[in-house]
Amino acid sequence: SQQGEEDPQALSIQEGENATMNCSYKTSINNLQWYRQNSGRGLVHLILIRSNEREKHSGRLRVTLDTSKKSSSLLITASRAADTASYFCATDYEGSGSRLTFGEGTQLTVNP
Amino acid sequence: EAGVAQSPRYKIIEKRQSVAFWCNPISGHATLYWYQQILGQGPKLLIQFQNNGVVDDSQLPKDRFSAERLKGVDSTLKIQPAKLEDSAVYLCASSLGQGNEKLFFGSGTQLSVL
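These notes cover the structure that comes with them.

Cut-offs applied
- Residues numbered from 1 in each chain as written.
- Chains lettered and ligands numbered in written order.
- Predicted model: local features only at pLDDT ≥ 70, side-chain atom pairs only at ≥ 80, totals over all residues.
- Heavy atoms only, no water.
- Salt bridge = Lys/Arg side-chain N within 4 Å of Asp/Glu carboxyl O.
- Helix = DSSP H or I, 4+ residues; strand = E, 2+ residues; numbered from the N terminus.
- Phe/Tyr/Trp six-rings, centres within 6.5 Å; stacked < 30°, edge-to-face > 60°.
- Buried < 20%, exposed > 50% of the residue type's maximum accessible area, 1.4 Å probe, protein only.
- Contact = heavy atoms within 4.5 Å.
- Buried area = accessible area lost by both parts, 1.4 Å probe.
- Pairing = 2+ DSSP bridges.
- Axes fitted to C-alpha atoms, helices over the stretch in contact; angles between N-to-C directions.

1. Digging into the pattern of salt bridges
Residue and element names in this part refer to chain A.
And step 1. Scanning all chains against the criterion turns up six salt bridges over all chains.
And step 2. Here R60 and D83 are joined by a salt bridge, their closest N and O atoms 2.9 Å apart. With R60 in the loop between β6 (55–58) and β7 (61–66) and D83 in the loop between β8 (71–76) and β9 (85–93), this pair connects stretches of sequence that are 23 residues apart.

Below is the structure:
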């Protein structure tokens, strides 16, 4: 399977703490995206990082990409209870014809 | 701006019955996707349309699943006959251009096959 693998599968933290989720993938990519899914809802796009970028920021989100290690990380700083959700990485593999392949996700719980 | 609309929200059927899902993407979005999300897993692409042409249906079980996008706007996904393992959430998504950058998802249709 070429899908990205998120780590950890589940993460529970207190409000105000930082949350870090990791995604590993297997072959060269064009871009990698992170999405959030609240329970019973569709996915919401958070951030896209291209293969020639190493770091991107968006508000309290910071994404890094290490193509040599074929891995990405999503950092949420100063977490809030509203950040409780599942987080998925999605990879656009080279030669996939623009198909996005989603990982299994990390379930984040932020306790008030 | 209206989001991606899907209906119905929930559907319960018995195995071997047929079912259809409907999706209305964001106005002006050229690319439309159908994903299947089994409980506890990430979404899996079933089919991708660009305007009204199929870009990728390599993971669509064509013996029982079919999809169409008439006039390059609305889309329907059909399952006939349904199997127990088809129980999942069916998500529709759309994106503005030809690529896959920034997909907008609907809330999905939760299908239970008994």
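What follows picks up the thread again.
2. A look at the packing of aromatic side chains
And step 1. Taken as a whole and judged by the stated rule, the model has eight aromatic pairs over all chains.
And step 2. Measuring from centroid to centroid gives 5.9 Å for Y35 of chain A and F105 of chain B, while their planes differ by 85°, and the two rings are edge-to-face. Of this pair, Y35 of chain A sits in strand β4 (residues 29–37) while F105 of chain B sits in strand β10 (residues 104–105), which puts the two residues in different chains.
And step 3. We classify Y35 of chain A as buried; its relative accessible area is 0%.
And step 4. Judged by its relative accessible area of 11%, F105 of chain B falls in the buried class.
And step 5. Arranged with centres 6.4 Å apart and planes meeting at 40°, the rings of F65 of chain B and Y90 of chain B form a pair that is tilted.

3. Considerations on the interface of chain A and chain B
And step 1. Facing the 20 residues of chain A at the interface are 22 residues of chain B.
And step 2. Counting the surface lost from both chain A and chain B, the interface buries some 1600 Å², and carbon and sulfur atoms represent 42% of this.
And step 3. When residues of chain A are sorted by the area they lose upon contact with chain B, L43, R99 and F102 of chain A head the list and together hold 30% of the total.
And step 4. Taken together, the connections running from chain A to chain B amount to two salt bridges.

4. Comments concerning the sheet that holds β8 of chain A
All names here are of chain A.
And step 1. The five strands lie next to each other as β1-β3-β8-β7-β6, forming an open sheet whose pairing is antiparallel. The sheet is open, and its two edges are formed by β1 (5–7) and β6, each paired on a single side. On average, each strand axis in the sheet is tilted by 15° relative to the strand beside it, whichever way the strands run.
And step 2. Pairing of strand β3 (residues 19–24) with β8 involves six bridges; the strand directions are antiparallel. Bridged to N22 within β8 is S73.

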